[in-house]
Amino acid sequence: MQKAIGVLTSGGDAPGMNAAVRAVTRAAIRKGYRVIGIQRGYNGLLNGECEELSCRDVSDIIQRGGTILYTARCLEFKEEPYIMKAAEKCKEMNMDGLVVIGGDGSFRGAADLSRLGGIKCIGIPGTIDNDIQCTEYTIGYDTAMNTALEMIDKIRDTSQSHDRCSVVEVMGRHAGWIAVNVATASGAIACLTPEVPVDIEKVAQKINEAHADHKEHFIVVVAEGVEDSEGITKKLQELTGIETRLTVLGHVQRGGMPTVRDRVAASQMGCHAVELISRGISDRVVGMKDNKIIDVDIQEALAMQKPFDEELYRMCDELTF
Ligand code: ADP
Ligand code: F6P
């Protein structure tokens, strides 16, 4: 049987995952592989939801958000018997390697499948949170930031009309990457992220000083990882006397057409993953460093720390008063 490359999306979906699936499929077909699309993450390997993908099956998806392969969280995959069952399934399909598009959790699964089951696995970072240590960029991050920014620009209109303070909660899981970037790009008066200690009194003081200087409406961006947007909203109203409203942007940030940056990065990463498998390489996570595609050992990738962009955070703060 002709050798195959498997591809799956796992964990939270992210705009640009489809562009990565397309790139993996087409790059692999060009190299003479069959491509197996596995549905609903690792669940698809356990349930046999696996279908061959042709070049045409991935037509018209580069511009679509979500993932045509569906995605899921598969709790059994943390247990050895299930990993062994998945490895058997891969072997039955004559899979030479598996490309896993997802986050850290998905890469742990990939590392286990390789170590215990002997399947060559390559990870591609796909998450809006940009919280994967070994790469400066993750697929979906740019689209999510642009969506959040578009929403904040709309909120700003109503905030301005009512002389209000608008607190906007953005996603990011435990990281403040989306928050610090959209706060900078929207000119928010303050940005609260899990990486920097939260000081509500200081934010209120900043708002009060700007208010005294005739600034009438305010945007405060809060990363979801700070965990108390409602409390923060109430406290700010109490300390400033300005009518303050909370908007939680939520899953709107996960959908929509991927931006140029996400489509290009996804295409580059997909091709690189196939190139690695075709050279017999396993246990790598594809990433981006200084705008170049790189790959990093999967265990090292999982153990790395990613420093927060404190310089951007400070600049954002300094530009608003
Ligand atoms: P992400 O990949 O976005 O970090 P999750 O943490 O939800 O998302 O992980 C996605 C899936 O990866 C899980 O549902 C599970 O199938 C698998 N996974 C997560 N953690 C592990 C682990 N420690 N060992 C094996 N598989 C894991
Ligand atoms: O990892 C992407 C993400 O959207 C995070 O920003 C958020 O914390 C989480 O997933 C939400 O997960 P769910 O879709 O399960 O609510």
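To be clear, the structure that these remarks concern was listed above.
Residues numbered from 1 in each chain as written. Chains lettered and ligands numbered in written order. Predicted model: local features only at pLDDT ≥ 70, side-chain atom pairs only at ≥ 80, totals over all residues. Heavy atoms only, no water.

Engineer: Can you explain the site of ligand 1? Please cite residues and give values.
Structural biologist: The local shell around ligand 1 holds 14 residues, among which Arg-73, Cys-74, Gly-103, Gly-105 and Ser-106 are the closest. Taking Gly-103, its main chain carries an N or O atom lying 3.0 Å from an oxygen atom of ligand 1. Contact between ligand 1 and Gly-105: an oxygen atom at 2.9 Å from a main-chain N or O atom of the residue. Protein chains shield 82% of the accessible area of ligand 1, which is 550 Å² for the free molecule. Residue contributions to the shell around ligand 1 peak at 6 residues, all from helix α4 (residues 104–117). (Near = heavy atom within 4 Å. Polar contact = N/O pair within 3.5 Å; in protein donor to acceptor, adjacent residues only side chain to side chain. Areas by Shrake-Rupley, 256 points an atom, 1.4 Å probe, with all protein chains shown as cover. Helix = DSSP H or I, 4+ residues; strand = E, 2+ residues; numbered from the N terminus.)

Engineer: Talk me through the site of ligand 2; I want residue IDs and the actual numbers.
Structural biologist: Residues in contact with ligand 2, as listed here, are Arg-73, Thr-127, Ile-128, Asp-129, Met-171, Gly-172, Arg-173, Glu-224, His-251 and Arg-254. Within the contact set of ligand 2, an oxygen atom lies 3.1 Å away from a side-chain nitrogen or oxygen of Arg-173. Between ligand 2 and Glu-224 there is a distance of 2.6 Å, counted from an oxygen atom to a side-chain nitrogen or oxygen. Out of a free accessible area of 400 Å², ligand 2 has 75% covered by protein chains. Of the residues that constitute the shell around ligand 2, the class distribution is 2 nonpolar, 3 polar and 5 charged. Looking at which domains feed residues into the shell around ligand 2, each of domain 1 (4–140 + 259–303) and domain 2 (141–252 + 310–318) gives three or more. (Nonpolar A, V, L, I, M, F, W, Y, C, P; charged D, E, K, R; others polar. Domains from an automatic or database assignment.)

Engineer: Describe the pairing of strand β5 (residues 121–125), and please don't skip the residues or the numbers.
Structural biologist: With 5 of 5 residues buried, β5 is to be regarded as a mostly interior element. A two-sided burial pattern is seen for β5, the buried positions comprising Cys-121, Gly-123 and Pro-125 on one face and Ile-122 and Ile-124 on the other. Taken together, the 5 bridges between strand β4 (residues 95–102) and β5 define a ladder with parallel strand orientation. In the strand pairing of β5, Gly-102 is matched with Pro-125. One crossover worth recording links β4 to the parallel β5 by way of α4, and it is right-handed. As judged from the 2 bridges shared by β5 and strand β10 (residues 284–289), these two strands associate in the parallel manner. The partner of Ile-122 across the bridge, within β10, is Arg-284. (Buried < 20%, exposed > 50% of the residue type's maximum accessible area, 1.4 Å probe, protein only. Pairing = 2+ DSSP bridges. Right-handed = clockwise from strand over helix to strand, strands pointing away.)

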